[in-house]
Every structure is written in C-alpha cells, then in structure tokens.
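Tertiary structure, described
Here is how the chains run, residue by residue.
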Amino acid sequence: MNGKSVWVAELAEVRAGKWFFRTLRVGDRWATYARYPNFDPQDPLKGGWLFAQWWGEPWERGAFNEGVRNIHHVGDRLEWQMRVPASGRYRVWVRYAHNMKAFGIDRMDDRTGLWVNESDLVPLRNLPDTGGWDNFRWALAAELSLPAGEVTLVWENVKGGGLNLDAFVLTDDENWHPERAIRLLGWWGEYQLDPPQQGKHVLLIQAEACTKAVGREIHIAHPRLPGSHTRIAVAKEHFPNWRNPEGAEVHLFPAWGWVNAILTVEGVDSERGILFVQCEQEIRPGNRFFISGVREALDAPNEWHLDRKTGELVYIAPPKVVPTKAEIVAPRMDRLFVLQGDPKANRFVEHIHFRDLIFTDTDYTAPGGYYVPADAAIWLVAARRCRVEGCEFRWLGGYAVRLEQRSHENAIVGNTMHHLGGGGVIMLGNTATQPFNNTVTDNTITDCGLVCSNRTIVGLKPCSLVMSS
C-alpha cells in the first residue's frame with residue numbers, strides 16, 4: 001500500500017459472524033477505525049469533517065409557513081429559475097394567505113398572475129380570504145403550459161391587493177393533491193412529499209427561494225432549509241468514490257449538534273451525492289460528520305479495518321510501531337459486570353463491592369442511543385448499597401459505571417477513569433426510575449468522549465473531574 005507498513009490477521013470468529021468490534025488498542029492508545037475524512041491531529045476540532053449539504057433543488061430552498069409578504073403593490077414581482085423535466089400542461093397549486101375582506105376585497109382572484117419565460121400572464125383564481133395573514137391554505141389556482149428545460153417562472157401583482165405567498169406546486173398529475181400528499185413533520189421545516197403517479201411530475205417551489213424580487217415593501221423570509229431524518233447530502237467534490245461502501249457508518253452531530261449519532265448507511269446515491277440513513281433527530285445542512293467502517297477509507301498510518309465477511313483485520317502501522325512486538329487488544333464485550341435486580345418486586349442487588357480492580361478494553365455498540373448511550377463497564381440496575389472504590393477504568397468504549405432503575409445508596413469513590421468512549425459515571429431514568437441518593441466523589445476522570453461525544457477530543461489536554469452527589 002504505497003510503501004506503508006500493512007499488517008493483516010485472519011479472524012475466523014469474525015468470518016463466522018460470532019465476533020465484531022469497533023475499537024482496537026495498540027499499546028497505550030486506540031488505533032483509528034478507518035475513516036473519511038482522515039482525522040487531523042493538527043486541527044482536531046475543525047479538521048477531518050464533512051458537512052451536510054442542502055439535498056434539494058435551489059427553488060425548494062426554504063420552509064413551509066415562511067414565504068414572502070408585503071407584495072400588495074401593482075408591479076410587485078417575484079422570479080424563480082427552475083428546470084422542468086417534461087413539457088406539458090401543469091396544474092398550479094398555490095399555498096397562500098390573506099385577510100383582504102377587512103379591506104373590502106373578499107377574493108384575490110384575477111389580481112395576480114404567473115407567466116413562464118415570455119408567455120402571456122395567466123391569472124391566479126380561487127383565492128378567497130383565508131381569515132388571517134398567516135392562515136395558509138392550498139388552492140388550485142391556474143394551469144400553465146410549460147416547456148421542458150430551464151425556465152423562468154414569474155409571479156406579478158397586476159391589480160394590487162395584499163397576498164402572502166408560501167409555496168407553489170406545479171404538477172401534470174390530475175390526481176395529485178397537496179393536502180393529501182404533503183405532510184409537515186416538524187417546526188424546523190422537514191416534510192414528506194408523496195410522488196405523483198408513474199410518468200408524471202411534481203415541482204415544489206418555495207416562495208422565499210425566489211432568485212429575484214421587485215417591490216418597495218417586499219419582505220422575504222430567510223430561506224430556512226428543511227432537515228431530513230433519512231438522508232445526508234455530501235458536496236460532490238467531497239463525495240467518496242468508493243466501489244464498495246458496505247459496512248459504512250456515519251458519526252454525525254445532527255440538529256443542534258449537541259450529541260453525536262452513529263448511523264448505519266443503508267444506501268448510496270453517488271450521482272446525487274446522498275447517503276441514506278435513519279436518524280432520530282433531523283439532519284440539517286451544516287451538521288458535521290465523518291464516515292467509518294469502509295475498507296477503501298483505510299489509507300493512513302494507525303488506521304485499521306475489519307471485514308465482517310472475510311474476517312480480515314488490516315492495520316497500517318505508524319513509524320516505529322512493530323505489531324509483532326506491540327500489545328494489540330480487540331474487545332469482546334461492551335460491558336463487563338451487570339448487577340440486575342427487579343425494582344418492581346422491590347428486589348435489589350445489594351452489598352457487592354469492587355475494590356482495586358482494573359477494568360479495560362470494552363467496545364461500543366452502534367447504532368446506539370444519542371442521549372442515553374448503552375455502553376458501560378459496570379451496570380448497576382436496581383442495585384443498592386454497592387460500592388466501586390479505588391478502581392481504574394481505561395480504554396472503554398462507553399462509560400465506566402452506569403446506574404439506573406432506582407439504584408440507590410451506592411458509592412463510586414476514589415476511582416481513576418481515563419480514555420473513555422463516553423464518560424465516567426452516567427445515571428439514567430425518568431421520574432419513576434431514576435437513581436437517587438448515590439455518592440459519586442473523589443473520582444479522577446480524563447480523556448473522555450472519545451466515541452460518544454466526538455473523537456476529536458484526542459490530542460486535547462486531559463481534564464480532571466471530581467464530583468459528589
């Protein structure tokens with residue numbers, strides 16, 4: 001591999017489907033699970049990331065219930081540059097709102113219109129008062145004859161009168177109806193749009209995505225890009241040209257970027273630069289991510305890859321590392337001890353003490369919970385009066401200790417916890433199940449968040465945390 005020191009091991013249990021792992025320790029550090037883009041140790045916070053792009057067409061940029069306002073003067077005009085897939089007669093659905101009844105005009109019929117390129121203006125009709133300027137509704141307002149290819153769609157106010165425009169839909173499917181086919185899923189703007197029947201077309205145009213606006217009082221909402229739970233768009237110049245993306249996982253910070261999700265890539269559209277996934281939170285343009293688990297991403301020193309089908313473990317050794325002389329450890333478990341009681345029967349595991357022990361080398365599971373990660377070395381589930389003291393927790397894929405299901409009167413005291421995929425101690429539950437009256441004190445916790453938060457924390461100065469509760 002271009003002069004690199006490449007080492008290979010055949011693991012029969014992996015090939016048989018009995019074992020798989022996502023962490024590999026070489027000496028006193030984790031090797032990097034092959035990723036794209038490569039981790040950048042010189043720029044750990046900003047380098048080595050891709051950023052989700054807008055996945056739709058330019059004229060779809062925007063969100064429902066935003067739109068364009070103050071277009072009430074004669075001559076006010078909006079333009080959109082768009083691409084029509086096939087020539088024909090297209091129905092025009094308009095999502096609009098107005099309260100012109102207060103000004104003596106019950107309907108905005110024939111007061112505004114549309115045209116394409118240099119064609120004649122087609123009046124918009126069927127636009128009664130909606131009872132409020134934000135009370136948007138759909139109306140079948142016109143028909144347009146559209147040529148195939150690039151066109152300029154123009155809306156103009158020709159007789160005056162107020163109208164707020166939210167969106168247009170142009171379709172040559174007579175049975176397609178926006179109130180049945182478009183579902184708004186969240187305040188951020190995500191929606192689902194049912195396709196037309198085979199051979200027909202639907203063009204959604206957000207009003208605020210106009211390329212030109214003429215009018216002295218026009219107010220255009222800032223185009224807010226809708227999110228998606230199912231797709232990540234990658235800039236074409238950065239889309240990985242892999243022959244086989246099988247096994248790919250995305251480490252993604254969705255929505256506000258508070259937590260990271262680890263998602264399985266379920267499909268790839270190379271032409272459009274889209275990865276298909278299933279994400280609990282919305283994936284928004286600008287969200288950062290990287291891709292791991294692909295053999296073709298293995299291209300840098302200290303990276304490794306494990307092939308589920310062949311059982312082949314490949315490792316690129318960095319300079320001065322000789323794998324035959326180094327301690328190399330692959331984990332078999334994501335948890336080491338689980339103390340499991342039955343809180344509904346008021347039966348708790350009691351009086352189990354862990355002292356002066358070393359807990360090391362566990363894996364992490366994926367996909368996993370975003371806010372409630374599943375992995376920990378010790379699980380205290382409906383446990384009381386147990387104690388973890390003077391122990392060392394190191395190179396764990398998740399947390400050191402996890403408490404849940406009304407675990408209480410336990411003590412986690414004087415432990416050292418470092419190089420953790422998640423963190424030190426986590427307590428999970430709702431009002432009825434949360435742990436209570438536990439003591440967590442005098443623990444030193446460093447180098448955490450290496451997996452569940454983000455892997456760029458590697459290389460930062462360690463921090464220490466001592467807490468009590």
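Procedures and definitions
- Residues numbered from 1 in each chain as written.
- Predicted model: local features only at pLDDT ≥ 70, side-chain atom pairs only at ≥ 80, totals over all residues.
- Heavy atoms only, no water.
- Helix = DSSP H or I, 4+ residues; strand = E, 2+ residues; numbered from the N terminus.
- Rg over C-alpha atoms; globule rule 2.2 N^0.38 Å.
- Areas by Shrake-Rupley, 256 points an atom, 1.4 Å probe, with all protein chains shown as cover.
- Lys, Arg positive; Asp, Glu negative; His and termini not counted.
- Charge placed at Lys NZ, Arg CZ, Asp CG, Glu CD.
- Salt bridge = Lys/Arg side-chain N within 4 Å of Asp/Glu carboxyl O.
- Buried < 20%, exposed > 50% of the residue type's maximum accessible area, 1.4 Å probe, protein only.
- Pairing = 2+ DSSP bridges.
- Core = buried A, V, L, I, M, F, W, Y, C linked by side-chain atoms within 4.5 Å.
- Contact = heavy atoms within 4.5 Å.
- Axes fitted to C-alpha atoms, helices over the stretch in contact; angles between N-to-C directions.
- Phe/Tyr/Trp six-rings, centres within 6.5 Å; stacked < 30°, edge-to-face > 60°.
- Lys NZ or Arg CZ within 6 Å of the ring centre and 35° of its normal.
- pLDDT = per-residue confidence, 0-100.
- Polar contact = N/O pair within 3.5 Å; in protein donor to acceptor, adjacent residues only side chain to side chain.

Section: the overall build of the chain
Of the regular secondary structure elements, the chain holds two helices and 42 strands. Relative to the compact-globule value of 23 Å for 469 residues, the chain shows a C-alpha radius of gyration of 29 Å, a clear excess of over 25%. Based on the C-alpha atoms only, the size of the chain along its principal axes is roughly 85 × 60 × 40 Å. For the chain, the computed accessible surface area is about 22200 Å², with 48% contributed by carbon and sulfur atoms. The averaged location of the 56 negative side-chain charges in the chain is 3 Å from the averaged location of its 51 positive side-chain charges.

Some details on the pattern of salt bridges
Across all of its chains, the model carries 26 salt bridges by this definition. Among the ionic pairs, arginine 385 bridges to glutamate 409, the shortest N-O distance being 3.0 Å. Of this pair, arginine 385 sits in the loop between strand E34 (383-384) and strand E35 (387-389) while glutamate 409 sits in the loop between strand E37 (399-404) and strand E38 (411-413); the two residues are 24 residues apart in sequence, bridging distant segments of the chain. Between glutamate 389 and arginine 387 there is a salt bridge whose closest N-O contact spans 2.7 Å. The exposure class of glutamate 389 is partly exposed, given its relative accessible area of 26%. Several salt bridges share partner residues, and in doing so they unite Glu350, Arg384, Arg385 and Glu409 into one network.

Quick look at the sheet that holds strand E2 (residues 25-26)
Read from one edge to the other, the open sheet built from three strands follows the order E3-E2-E28, with strand pairing classed as antiparallel. Looking at the sheet topology across the chains shown, the edges are occupied by strand E3 (29-30) and strand E28 (328-329). Note: E2 against E28, two bridges, orientation antiparallel. Across the sheet, valine 26 pairs through a bridge with isoleucine 328, a residue of E28.

Description of the nonpolar core
One finds Val92, Leu124, Leu153, Trp155, Leu165, Phe168 and Leu170 to be the most contacted residues of the largest nonpolar core, which totals 35 residues. Looking at this core element by element, the count peaks at five residues for strand E12 (residues 132-146). Setting aside its immediate chain neighbours within four residues, tryptophan 155 contacts Ile71, Asp76, Arg77, Leu78, Trp80, Thr112, Gly113, Leu114, Leu124, Leu163, Leu165 and Phe168. Formed by 26 residues, the second largest nonpolar core is a distinct cluster that contains Val265, Val277, Ile283 and Leu298.

Considering unusual backbone geometry
Following tyrosine 36, the chain continues to proline 37 via a peptide bond in cis, the omega torsion being -5 degrees. Positive phi values are uncommon outside glycine, yet arginine 385 reaches one of about 60 degrees. Of the residues examined, arginine 385 reaches a relative accessible area of 35% and is grouped as partly exposed.

Some remarks on the environment of alanine 255
On the secondary structure map, alanine 255 appears in the loop between strand E21 (249-252) and strand E22 (261-264). A relative accessible area of 9% places alanine 255 in the buried class. Sequence-distant contacts of alanine 255, that is, excluding residues within four places in its chain, are made with Gln281, Glu282, Arg284 and Asn287.

As for the sheet that holds strand E31 (residues 353-355)
Across the sheet, which stays open at both edges, the four strands sit in the order E31-E35-E38-E41 with parallel pairing between neighbours. The strands lining the two open edges of the sheet, one partner per strand, are E31 and strand E41 (439-441). Here the strands of the sheet are splayed against their neighbours by 5 degrees on average, with no regard to which way each runs.

Examining the side chain of arginine 224
Relative to the assigned elements, arginine 224 resides in the loop between strand E19 (219-220) and strand E20 (231-233). Arginine 224 gets classed as buried once you look at its relative accessible area, which sits at 19%. Those residues in contact with arginine 224, other than ones at most four positions away along the chain, are Gly62, Ala63, Glu66, Trp187, Trp188 and Gly189.

Here we look at the packing of aromatic side chains
For the structure shown, the criterion picks out 16 aromatic pairs. Ring centres 6.4 Å apart and planes at 70 degrees place the aromatic pair phenylalanine 64 and tryptophan 138 in the edge-to-face group. Taken together, the residues span a long stretch of sequence, with phenylalanine 64 in the loop between strand E6 (50-51) and strand E7 (68-69) and tryptophan 138 in strand E12 at a distance of 74 residues. The interplanar angle of 85 degrees and the centroid separation of 6.1 Å between the aromatic rings of phenylalanine 337 and phenylalanine 359 together place this pair among those described as edge-to-face. Within this pair, whereas phenylalanine 337 is found in strand E29 (residues 337-340), its partner phenylalanine 359 is found in strand E32 (residues 358-360), the two being separated by 22 residues in sequence. With relative accessibility at 3%, the residue phenylalanine 359 sits in the buried group. Feature note: the residues Trp19, Phe21, Tyr33 and Trp304 constitute an aromatic cluster, connected by ring pairs. In this structure, arginine 284 is placed above the aromatic ring of tryptophan 256, and the distance from its NZ or CZ to the ring centre is 4.4 Å.

Examining the confidence of the model for the chain
Chain-level statistics for the chain give a pLDDT mean of 91 and a share of 96% at 70 or above. Below pLDDT 50 for its whole length, residues 454-469 participates in 43 contacts with residues either more than four positions away or in separate chains.

Quick notes on the side chain of asparagine 164
Along the polypeptide, asparagine 164 turns up in strand E14 (residues 164-171). From its side chain, asparagine 164 meets the backbone oxygen of tryptophan 133 in a polar contact 2.9 Å long. If sequence neighbours within four positions are ignored, asparagine 164 has contacts with Val68, Arg69, Asn70, Arg95, Tyr96, Ala97, Trp133 and Phe136.

Topic: the environment of glycine 17
Inspection of the secondary structure puts glycine 17 in the loop between helix H1 (12-15) and E2. Among the residues examined, glycine 17 registers a relative accessible area of 64% and is labelled exposed. Along the sequence, glycine 17 and leucine 263 sit 246 residues apart, while their C-alpha atoms lie 20 Å from each other.

So, the environment of isoleucine 378
Mapping isoleucine 378 onto the fold places it in strand E33 (residues 376-381). Overall, the relative accessible area of 0% leaves isoleucine 378 in the buried class. In the structure, isoleucine 378 is positioned 125 residues away from phenylalanine 253 in sequence and 27 Å away in space, judged by C-alpha atoms. Filtering out sequence-adjacent residues up to four positions away, isoleucine 378 remains in contact with Phe337, Phe354, Phe359, Val388, Phe393, Ala400, Val401 and Arg402.

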